[in-house]
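Remarks on the overall topology
Here is what each chain is made of, one letter per residue.
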Amino acid sequence: MNEQNQHGEAEQQGHQEEHEHHIVSPLVYLAIVGVLLVGTALTVWASFIDLGPWNPVIALGIACTKATLVVLFFMHVKYSTKLTKLTVIAGLFTFMALIGMTLTDYISRAWGRW
Amino acid sequence: MSDSPAIAHGAPTEAEHSHGEHPAYQRHHFETVEQQADATNFAMWLFLLTEIMFFGGLFCAYLIFRNWYYPAFVAASHQLNVGWGTANTAVLITSSFTMAMGVWCAEMRKKSGLVLSLVLTFVLGLVFLGIKTIEYHEKWEKHHIPGLHYSMQNFTNPQSDPDTYNEYHDKPMALDMARHTELYFFLYFAMTGMHAVHMIIGIAILGFMIFRARAGAYTTGHVTFVENFGLYWHFVDIIWIFLFPLLYLISRHQ
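Keep in mind that what you see is a predicted model, and the values were worked out from it rather than measured.

**Overview of the overall build of chain A**
The helix and strand inventory of chain A stands at four helices and zero strands. Helices and strands in chain A line up, N terminus first, as α-α-α-α. Sorting the 114 residues of chain A into buried and exposed places 34% on the buried side. Taking all contacts inside chain A whose residues are at least 6 apart in sequence as the whole, residues at least 24 apart take part in 44%.

**Considerations on the overall build of chain B**
Within chain B, the secondary structure is distributed over 10 helices and zero strands. Reading chain B from its N terminus to its C terminus gives the helix and strand order α-α-α-α-α-α-α-α-α-α. On C-alpha atoms alone, chain B measures out to a radius of gyration of 24 Å, which is more than a quarter above the 18 Å that the 2.2 N^0.38 rule sets for 254 residues. With respect to the principal axes defined by its C-alpha atoms, chain B has extents near 80 × 30 × 30 Å. Relative to its 254 residues, chain B shows a buried fraction of 54%. Partitioning the intrachain contacts of chain B with sequence separation of at least 6 by distance along the chain shows that 77% fall at a separation of at least 24. Across chain B, 13 positive and 20 negative side-chain charges occur, with their mean positions spaced 6 Å apart.

**So, the environment of Phe186 of chain B**
Here Phe186 of chain B shows up in helix H9 (residues 181–214). Separated by 39 residues in the primary sequence, Phe186 of chain B and Gly147 of chain B place their C-alpha atoms 9.0 Å from one another.

**Let's talk about the confidence of the model for chain A**
The predicted model of chain A averages 85 in pLDDT, with 82% of residues at 70 or higher. For the stretch residues 1–18 of chain A, pLDDT sits under 50, and the model shows 29 contacts to residues farther than four places along the chain or on other chains.

**Here's the deal with the nonpolar core**
With 94 residues, the main nonpolar core has Phe74 and Met75 of chain A together with Met99 and Tyr184 of chain B as its most contacted residues. In contact with Phe74 of chain A, other than residues within four places in its own chain, are Tyr29, Ile32, Val33, Leu36 and Leu69 of chain A together with Ser96, Phe97, Ala100 and His234 of chain B.

**What about the packing of helix H5 (residues 111–141) of chain B against H9 of chain B?**
All names here are of chain B. The contact between H5 and H9 brings their axes to 9 Å, and the two run at 155°. Comparing their axes, H9 and H5 come out roughly antiparallel. The chirality of how H5 crosses H9 is left-handed. Here the contact of H5 with H9 is built from residues that sort into 20 nonpolar, six polar and five charged.

**Topic: the interface of chain A and chain B**
Where the parts come together, the accessible area they lose is often given as the size of the interface. Tallying the contact residues gives 55 residues for chain A and 54 residues for chain B. When the two sides are added together, the surface that chain A and chain B hide from each other amounts to roughly 4700 Å², 76% of it contributed by carbon and sulfur. Linking chain A with chain B are zero salt bridges, by the criterion used here. Taken together, the connections running from chain A to chain B amount to five residue pairs in polar contact (both at pLDDT 80 or more).

**Here's the deal with a nonpolar patch on the surface**
Residue and element names in this part refer to chain A. Together, Leu42, Trp45, Ile49, Leu51, Trp54, Val57 and Ile58 give the surface a local cluster of nonpolar side chains, amounting to about 660 Å² of exposed area. At the level of secondary structure, the elements contributing two or more residues to the nonpolar patch comprise helix H2 (26–47) and helix H3 (54–74). The element that contributes the greatest number of residues to the nonpolar patch is H3, accounting for three residues. When you line up the elements, Ile49 lands in the loop between H2 and H3. A relative accessible area of 33% places Ile49 in the partly exposed class.

**What about the packing of aromatic side chains?**
Applying the stated rule across the entire model yields 24 aromatic pairs over all chains. On the numbers, 6.4 Å between centres and 65° between planes, the contact of Phe73 of chain A with Tyr79 of chain A is edge-to-face. On the basis of relative accessible area, Phe73 of chain A is assigned to the buried category, the value being 15%. Relative to Trp240 of chain B, the ring of Phe128 of chain B has its centre 5.1 Å away and its plane inclined at 90°; by these criteria the two rings are edge-to-face. On the criterion of sequence distance, the pair formed by Phe128 of chain B in helix H5 and Trp240 of chain B in helix H10 (residues 224–249) is long-range, its members being 112 residues apart.

**Some remarks on the side chain of Glu135 of chain B**
Residue and element names in this part refer to chain B. Here Glu135 shows up in helix H5. On the accessibility criterion, Glu135 (2% relative accessible area) is buried. Leaving out residues up to four positions away in the same chain, Glu135 has contacts with Asn81, Trp84, Gly85, Asn88, Tyr188 and Tyr248.

Cut-offs applied
Residues numbered from 1 in each chain as written. Chains lettered and ligands numbered in written order. Predicted model: local features only at pLDDT ≥ 70, side-chain atom pairs only at ≥ 80, totals over all residues. Heavy atoms only, no water. Helix = DSSP H or I, 4+ residues; strand = E, 2+ residues; numbered from the N terminus. Buried < 20%, exposed > 50% of the residue type's maximum accessible area, 1.4 Å probe, protein only. Contact = heavy atoms within 4.5 Å. Rg over C-alpha atoms; globule rule 2.2 N^0.38 Å. Lys, Arg positive; Asp, Glu negative; His and termini not counted. Charge placed at Lys NZ, Arg CZ, Asp CG, Glu CD. pLDDT = per-residue confidence, 0-100. Core = buried A, V, L, I, M, F, W, Y, C linked by side-chain atoms within 4.5 Å. Axes fitted to C-alpha atoms, helices over the stretch in contact; angles between N-to-C directions. Parallel < 35°, antiparallel > 145°, perpendicular 65-115°, else oblique. Left-handed = near helix turned anticlockwise from the far one by under 90°. Nonpolar A, V, L, I, M, F, W, Y, C, P; charged D, E, K, R; others polar. Buried area = accessible area lost by both parts, 1.4 Å probe. Salt bridge = Lys/Arg side-chain N within 4 Å of Asp/Glu carboxyl O. Polar contact = N/O pair within 3.5 Å; in protein donor to acceptor, adjacent residues only side chain to side chain. Patch = residues over 30% accessible without salt bridge, like charges linked within 9 Å, V, L, I, M, F, W, Y side chains within 5 Å. Areas by Shrake-Rupley, 256 points an atom, 1.4 Å probe, with all protein chains shown as cover. Phe/Tyr/Trp six-rings, centres within 6.5 Å; stacked < 30°, edge-to-face > 60°.

Set out below in structure tokens:
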């Protein structure tokens, strides 16, 4: 399915880089759902320990890891076209930029007046 | 994969359709089935980006208000039941798995497997909403739904709510801070409510898909609809993956 020469020929013919439909194996899905459930148990367990300011950091860290696994494997982005990958990254970047700018505004509004 | 390499290699296993003609599901404004699939996939992701921005606004509001009214948000989040939240997270993650298996079954043209996967996803979605209903009902009983009947008694006098008090030993809050607990619950209902609306829409589409799948609609090589619905379902899962720690977990020790 993923033979190099097939790709090579397709490119030689001047096609844009076309993407084969990659079928993700159920074993991969099973492994991912296992990791996701363990991650859920882990984040609940961590929330019962008093880590002060680290509690939210760890909770969000685990959530980001879980979300990344879902995006890469369940949503097939790992096997998707560059266009899809770029779209996902552009979306995350725009989201972070908007959150970042909003927070910058709120942090700096009363700057020096506290 | 384009047709020509398959011919060159004489690899009929990969030739899903007869060469020279195109399958019935290929629209005429696309050159190839692959191009059609890529374009549809791209469109679905663009839709999901708008969804990220939509939920992102709510997350941003939560972040800012939690920092402004920190004690109120901490005390109010103690009202959520971590057990139900954990159960729902597990249910939703499992439903994402069954959905992913559905996509696999469609790709492998396994009709009964696809129907079973979709039915399981459908049922798990309903279980999630059922648990959410139990949680909402508790908020209703405790007058924690923002509006005319909202009561901050549990926050100005924490001992009026023995279960929560025995677990967290919250101190009584002054009125001007206690009233901001209503904002926490407003955001709680806005965020989990919009998430639930997405679940309801998803479940409705799943119901439609189960009927179509039974008629063999998605197991003829044209899996775009199942695949893109999968993207939607996993996206809704991701939203919950963030809602759960932010609403239920991060304020347990404050």
